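Chain by chain, the residues run as shown.
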Amino acid sequence: MSDSDCLAEAERIQRLLAEQAARHDRETSLPEEGFEAMASSPLNTALLEGASWLTFGRIVSILSRGSASFGTLWLMHQGSGLAFLALPEPALVASFNDRFRQGAWFGNALSEPTSGNMFLMPHQEARRVEGGWRLSGAKRFVSGSERAGYLLTNAVCDGQPAFFLIDKDDSIRVEDVWDTLGMRATRSQLLHFQDTLLPESRRLRLDPSQPNPIALGLPWISIGIAEAALAFAISYARERKLPPENQAIARMQWVQFSVAEMSLRLEAARALAMRAAIATDQREPDFPVLQMQAKAVANEAAVAITTAAMELAGGSGYMRSHPIERYLRDAMSGPLMAWSPAVIRDFLGKALLGLQPPPPRT
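This one's a predicted model, so the numbers in the text were calculated from it and none came from an experiment. (Residues numbered from 1 in each chain as written. Predicted model: local features only at pLDDT ≥ 70, side-chain atom pairs only at ≥ 80, totals over all residues. Heavy atoms only, no water.)

(A) Molecular detail of the sheet that holds strand β6 (residues 172-175). The antiparallel open sheet is built from four strands, whose spatial order is β2-β3-β7-β6. Two strands in the sheet have a free side with no partner beyond their single neighbour: β2 (127-129) and β6. Averaged over all neighbouring strand pairs, the angle between strand axes comes to 25°, with direction disregarded. Bridge analysis of β2 against strand β3 (residues 132-142) gives three bridges, and the strand direction is antiparallel. Pairing of arginine 127 across the sheet is with arginine 134, part of β3. (Pairing = 2+ DSSP bridges. Helix = DSSP H or I, 4+ residues; strand = E, 2+ residues; numbered from the N terminus. Axes fitted to C-alpha atoms, helices over the stretch in contact; angles between N-to-C directions.)

This is the structure in structure tokens:
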């Protein structure tokens, strides 16, 4: 499937998502139409079939333009599901390859209640048993956990962080805690692990030099939200007319300046995200740093653009009859996702000043 075909398919699914996004946000329900469309879509296996990281990022932004919640769900599924490539046994890799291609859904269960941004460094210890380890603890912000059949998770095993791809079996209980400001349709619930088996055969042999879909894709979620907000602002400015001249507010200079500023912020964020994706495709040594920079810039651009679009729409934008209030709420989630812009600045500042090694690859 060519890059242009992938993007056209993403646009098709984006339109389906946009039709129901407000309802799922209101009901805090999973976007089932997105799951159904993706189950039979070649996008689901685009990375396996050799799609570039740049194309992957653009797919994430297009999906997120229709529903940021589904863009997030799909990104977490991709990042968790493709971890099967790091399983030690070829037969198990082949088995998970079949399951992934047949539409099995995967969840990312790495974040612990006390871990903050350090989701790659678990604190919860698993106990050694025959055939692996058993974990009792909790993981939070597991997007689509009620849908997922498999989970990427981690624990401290024999004193070292270890990562596993496991079945979501009866030892894992979902606690319905998801009542949030934004990203309501991700239903990112709290999971309780009750003596859950982490099989040695499912322990991942991760290669830190290889790109990770989540780290690459997170900036593109914010870009998709910003794209949707800018499109709304332009459309609203052209259509909204004020008395007594009955002229569109697009003729007002402050509106023109506001839209121009939104565009500048969006293009800068998009350019850096593209730079990071191209560097990832070419395996440039600094691709992890560029991904981090792209996330911080895109997160902040999305918040600024959605805020400006809300101000442009005024009281009408505050009503749920317009989507901008949802875009603004969803945009606020970006800076809260690991790594947050504050943590990114801390890593980058110290690395640039030679106070610590460059940030680790994720």
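There's more to say after this.
(B) Seen up close, the packing of aromatic side chains. For the coordinates displayed, the defined rule picks out 14 aromatic pairs. When the ring of phenylalanine 56 is compared with that of tryptophan 74, the centres are 5.4 Å apart and the planes differ by 35°; the resulting orientation is tilted. Of this pair, phenylalanine 56 sits in helix α3 (residues 53-66) while tryptophan 74 sits in helix α4 (residues 68-81), placing them 18 residues apart in sequence. For the pair phenylalanine 56 and tryptophan 74, a shared accessibility class is recorded, and that class is buried. (Phe/Tyr/Trp six-rings, centres within 6.5 Å; stacked < 30°, edge-to-face > 60°. Buried < 20%, exposed > 50% of the residue type's maximum accessible area, 1.4 Å probe, protein only.)

(C) A look at the nonpolar core. Formed by 108 residues in total, the largest nonpolar core has its most connected members in Trp74, Leu151 and Leu312. Per-element tally for this core: the top contributor is helix α6 (residues 213-239), with 15 residues. Leave out the neighbours within four places in its chain, and leucine 151 touches Gly107, Ala109, Val142, Phe164, Leu165, Ile166, Lys168, Ile172, Leu191 and Phe193. (Core = buried A, V, L, I, M, F, W, Y, C linked by side-chain atoms within 4.5 Å. Contact = heavy atoms within 4.5 Å.)

(D) Spotlight on the sheet that holds strand β4 (residues 150-157). Pairing in this open sheet of three strands is mixed, and the strands run β1-β4-β5 from one edge to the other. Whereas interior strands pair on both sides, the edge strands pair on one side only; in this sheet they are β1 (106-109) and β5 (160-167). Across the sheet, the mean angle separating the axes of adjacent strands is 25° when strand polarity is ignored.

(E) Molecular detail of the pairing of β4. With respect to burial, β4 is a largely interior element, eight of its eight residues being buried. Judged by which residues are buried, β4 turns out to be covered on both faces: Tyr150, Leu152, Asn154 and Val156 on one side and Leu151, Thr153, Ala155 and Cys157 on the other are all buried. In the sheet, β1 pairs with β4 via four bridges, with the strands oriented parallel. Looking across to β4, one finds that asparagine 108 is bridged to leucine 152. Sheet analysis places β4 next to β5, joined by eight bridges and oriented antiparallel. Of the residues in β5, the one forming a bridge with tyrosine 150 is aspartate 167. Between β4 and β5, which pair antiparallel one after the other, the connecting turn spans two residues, and aspartate 158 there sits at a positive phi close to 55°.

(F) Broad picture of the UniProt feature "domain: Acyl-CoA dehydrogenase/oxidase C-terminal" (unreviewed entry) in the chain. According to UniProt, the feature "domain: Acyl-CoA dehydrogenase/oxidase C-terminal" (unreviewed entry) maps to residues 220-352 in the numbering used here. For residues 220-352, the end-to-end C-alpha separation is 25 Å, with 72% helix and 3% strand making up the annotated structure. (UniProt positions renumbered as here; feature names shortened; annotations may be inferred.)

(G) Local environment of the pattern of salt bridges. According to the stated counting rule, one finds 22 salt bridges in the structure shown. Glutamate 146 is the partner of arginine 187 in a salt bridge, and the nearest nitrogen-oxygen pair spans 2.8 Å. Taken together, the positions of arginine 187 in the loop between β6 and β7 (189-199) and glutamate 146 in the loop between β3 and β4 put the pair 41 residues apart, joining distant regions of the chain. Residue arginine 187 is classed as buried on the basis of its relative accessible area of 15%. A single network of salt bridges, built from pairs that share partners, joins Glu11, Arg65, Glu227, Glu267 and Arg270. (Salt bridge = Lys/Arg side-chain N within 4 Å of Asp/Glu carboxyl O.)

(H) A look at helix α8 (residues 287-313). Its 27 residues give α8 an end-to-end C-alpha distance of 38 Å, which sits within 8% of 39 Å, the value for a rise of 1.5 Å per residue. α8 sits mainly inside the fold: 19 of its 27 residues count as buried. Among the residues trailing α8, glycine 314 stands out with phi positive, at a value near 65°. (Expected span 1.5 Å × (residues − 1).)

(I) Representation of α3 within the structure. In this model, α3 (14 residues) spans 20 Å end to end at C-alpha, consistent with the 20 Å of a helix rising 1.5 Å per residue. Most of α3 is tucked away: twelve of the 14 residues are buried. Buried residues of α3: Trp53, Leu54, Thr55, Phe56, Gly57, Ile59, Val60, Ser61, Ile62, Leu63, Ser64 and Gly66, and no others. The inward-facing, buried residues of α3 contact α1 (3-27), α2 (32-39), α4, α6, α7 (253-281) and α9 (324-331).

(J) Layout of the packing of α8 against α9. Relative orientation of the contacting elements α8 and α9 amounts to 155°, with a least axis distance of 9 Å. When the axes of α8 and α9 are compared, the pair comes out roughly antiparallel. Seen from above, α8 lies across α9 with left-handed handedness. Each of Ala302, Val303, Thr306, Thr307, Ala309 and Met310 in α8 lies in contact with α9, whose residues at this interface are Ile324, Glu325, Tyr327, Leu328 and Ala331. Classifying every residue of the contact of α8 with α9 by side-chain character gives eight nonpolar, two polar and one charged. (Parallel < 35°, antiparallel > 145°, perpendicular 65-115°, else oblique. Left-handed = near helix turned anticlockwise from the far one by under 90°. Nonpolar A, V, L, I, M, F, W, Y, C, P; charged D, E, K, R; others polar.)

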